[in-house]
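Results of the structural survey
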Amino acid sequence: MRNIASESLKVTEPISLKEISTSIDLEASEKKKDKELNKLREKLSKHQDIMYAHNKYSVLICLQGMDTAGKDSLIREVFKEFNPRGVVVHSFKTPSKLELQHDYLWRHVIALPQRGKYGVFNRTHYENVLVTRVHPAYILGENIPGINSIEDITEEFWEKRFDQINNFEKQISENGTIILKFFLHLGKEEQRQRLLRRLNKAKHNWKFSPGDLKEREKWEEYQKYYEEAINKTSKPHAPWYVIPSDNKETARVLVAKAILERMEQITDIQEPELDESISQHILMYKDMLSKEVI
């Protein structure tokens, strides 16, 4: 299997999405890719167990992509070997009435993972500089002082949001949250084929919504705003990775590999040592239990 360096997928300088392919050849069969993914997720699972015991770091995985990009299945396949207590997935939909009574980051803050755990955001706080840019009228529902009409939503408004998001991620990073952000880069033709499959297979019909076609009409707008968001918020402490996603199995391998390589760089995550006062009496405790009569 072809080895793709995760660093080559990381955004470290301004990118143009049009110049990045949505497909990449790992030179491997689907069976080989599945085998490789199994190795990666087993390693991730073991590492997460150690991180849970270490209890100093948490991990935030952010997934963004156009409709049908494969976010749900990626979560299922990459994290399937994790202990259920070790990973919590949040799928953010349209803000509720309660959520709209707070600032736009509130619902993401309260969903952040505890120390020792992974949190996966399926759609993320970046929806607030993506969907809301394509549909600025949504901002009016946030009832923000000084924003009374769409005309009040200026470029300065969006620049402030980028600053707020960068500050948010820097703050949680400095307090022990490891952040990795993945844009599942899907081709427009591949999305068309996936939408058709949803319509052609009765058991998948429920996944389709006419709204998917309306959003597809705004494809170029979304690509523009994704590109801008990635370029303005990919930082060393919270990097974006652009993942070619026309092939779902390939995307899963690349994401799992990027996460594992990042986690292996953090060398102070170790299993805690047993307190000396306990370790000195291990034999005594074993003897007590072996002689216990029930």
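Scroll up to find the structure.
We now turn to the structure provided with this report.

Section: the pairing of strand S4 (residues 177–185)
Within S4, nine of the nine residues are buried, leaving the element largely enclosed by the surrounding structure. With burial as the criterion, each face of S4 is covered, one bearing Thr177, Ile179, Lys181, Phe183 and His185 and the other bearing Ile178, Leu180, Phe182 and Leu184. Summarising the sheet, strand S1 (residues 58–65) and S4 pair through eight bridges and their orientation is parallel. Paired with Val59 across the two strands is Ile178, which belongs to S4. Relative to strand S5 (residues 240–244), S4 is paired through five bridges, and the arrangement is parallel. The partner of Leu184 across the bridge, within S5, is Ile243.

Observations regarding the pattern of salt bridges
One pass over the full model with this rule turns up 22 salt bridges. One salt bridge connects Glu190 with Arg194, and the closest N-O pair in it is separated by 2.8 Å. Residue Glu190 and its partner Arg194 are located together in helix H7 (residues 188–200), separated by four residues, close to a single helical turn. For the pair Glu190 and Arg194, a shared accessibility class is recorded, and that class is buried. With its nearest N and O atoms 3.9 Å apart, the salt bridge here joins Arg198 to Asp212. Taken as a pair, Arg198 in helix H7 and Asp212 in helix H8 (residues 210–216) lie far apart in primary sequence, 14 residues in all. Judged by relative accessible area, Arg198 falls into the buried class, the value being 19%. When salt bridges that share partners are traced, they join Arg133, Glu155, Glu159, Glu228 and Lys232 into one network.

Points about the sheet that holds strand S3 (residues 118–122)
Remark on secondary structure: sheet strands pair via backbone hydrogen bonds, oriented parallel or antiparallel. One open sheet accounts for five strands, arranged S2-S3-S1-S4-S5; its pairing is parallel. Whereas interior strands pair on both sides, the edge strands pair on one side only; in this sheet they are strand S2 (87–91) and S5. The sheet shows a mean angle of 20° between the axes of neighbouring strands, taken without regard to direction. With five bridges connecting them, S1 and S3 associate as parallel partners. Within S3, the residue paired with Cys62 across the bridge is Phe121. Contacts from helix H6 (residues 155–174) reach S1 and S4, with the element oriented near 135° to S4.

Reading guide: rules and limits
Residues numbered from 1 in each chain as written. Predicted model: local features only at pLDDT ≥ 70, side-chain atom pairs only at ≥ 80, totals over all residues. Heavy atoms only, no water. Buried < 20%, exposed > 50% of the residue type's maximum accessible area, 1.4 Å probe, protein only. Helix = DSSP H or I, 4+ residues; strand = E, 2+ residues; numbered from the N terminus. Pairing = 2+ DSSP bridges. Salt bridge = Lys/Arg side-chain N within 4 Å of Asp/Glu carboxyl O. Axes fitted to C-alpha atoms, helices over the stretch in contact; angles between N-to-C directions. Contact = heavy atoms within 4.5 Å.

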